[in-house]
Amino acid sequence: VILDSSNADIFFESLAKKEHIPDIVITDFQMPYKNGKTVVEIIKNKYPTIKILVISVYKHEHLIAELFQSGTDGF
């Protein structure tokens with residue numbers, strides 16, 4: 001399953017319409033409307049089997065730690 005979205009809101013709308021959910025979501029940390037941490041939390045709450053890889057130019061250890069606490073599988 002391949003799904004491409006320009007922001008988190010469109011992603012979740014599209015995902016809700018899909019018959020099959022993806023195995024992996026690759027997302028950026030900084031996005032319009034919702035940040036990566038919020039996206040991770042929503043995915044893990046609604047779709048706990050999806051693995052999540054967050055990409056970012058941010059190297060702040062506290063942000064990375066928060067992402068992993070929220071359920072990120074890779075950074």
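Below, the structure is looked at part by part. As the structure is a prediction and not an experimental result, all values here were calculated from the model.

1. Thoughts on the nonpolar core
Grouped together as the largest cluster of nonpolar side chains are 16 residues, with contacts concentrated most on Phe11, Phe12, Val39, Ile43, Ile50, Ile52 and Val54. Counting only elements with at least two residues in this core, the list comes to helix H1 (8–17), helix H2 (36–46), strand E2 (51–55) and helix H3 (61–70). Counting residues per element, this core draws most heavily on H1, which supplies 4 residues. Filtering out sequence-adjacent residues up to four positions away, Val54 remains in contact with Thr27, Asp28, Phe29, Val40, Leu67, Thr72, Gly74 and Phe75.

2. Focus on the environment of Tyr47
Structurally, Tyr47 is set in the loop between H2 and E2. Tyr47 gets classed as buried once you look at its relative accessible area, which sits at 16%. Along the sequence, Tyr47 and Ile21 sit 26 residues apart, while their C-alpha atoms lie 8.2 Å from each other. The contacts of Tyr47, once residues within four sequence positions are left out, are Leu15, Ala16, Ile21 and Ile42.

3. Quick look at the pairing of E2
Because side chains alternate across E2, one face comprises the buried residues Ile52 and Val54, and the other comprises Lys51, Leu53 and Ile55, none of which is buried. Of the pairings in the sheet, the one linking strand E1 (residues 24–28) to E2 comprises 5 bridges and is parallel in character. Note on E2: the bridge partner recorded for Ile24 is Lys51. Remark: the E1/H2/E2 crossover connection has right-handed handedness.

Cut-offs used in this document
- Residues numbered from 1 in each chain as written.
- Predicted model: local features only at pLDDT ≥ 70, side-chain atom pairs only at ≥ 80, totals over all residues.
- Heavy atoms only, no water.
- Core = buried A, V, L, I, M, F, W, Y, C linked by side-chain atoms within 4.5 Å.
- Buried < 20%, exposed > 50% of the residue type's maximum accessible area, 1.4 Å probe, protein only.
- Helix = DSSP H or I, 4+ residues; strand = E, 2+ residues; numbered from the N terminus.
- Contact = heavy atoms within 4.5 Å.
- Pairing = 2+ DSSP bridges.
- Right-handed = clockwise from strand over helix to strand, strands pointing away.

Honestly, that's just the spatial picture; any functional story needs more than this.
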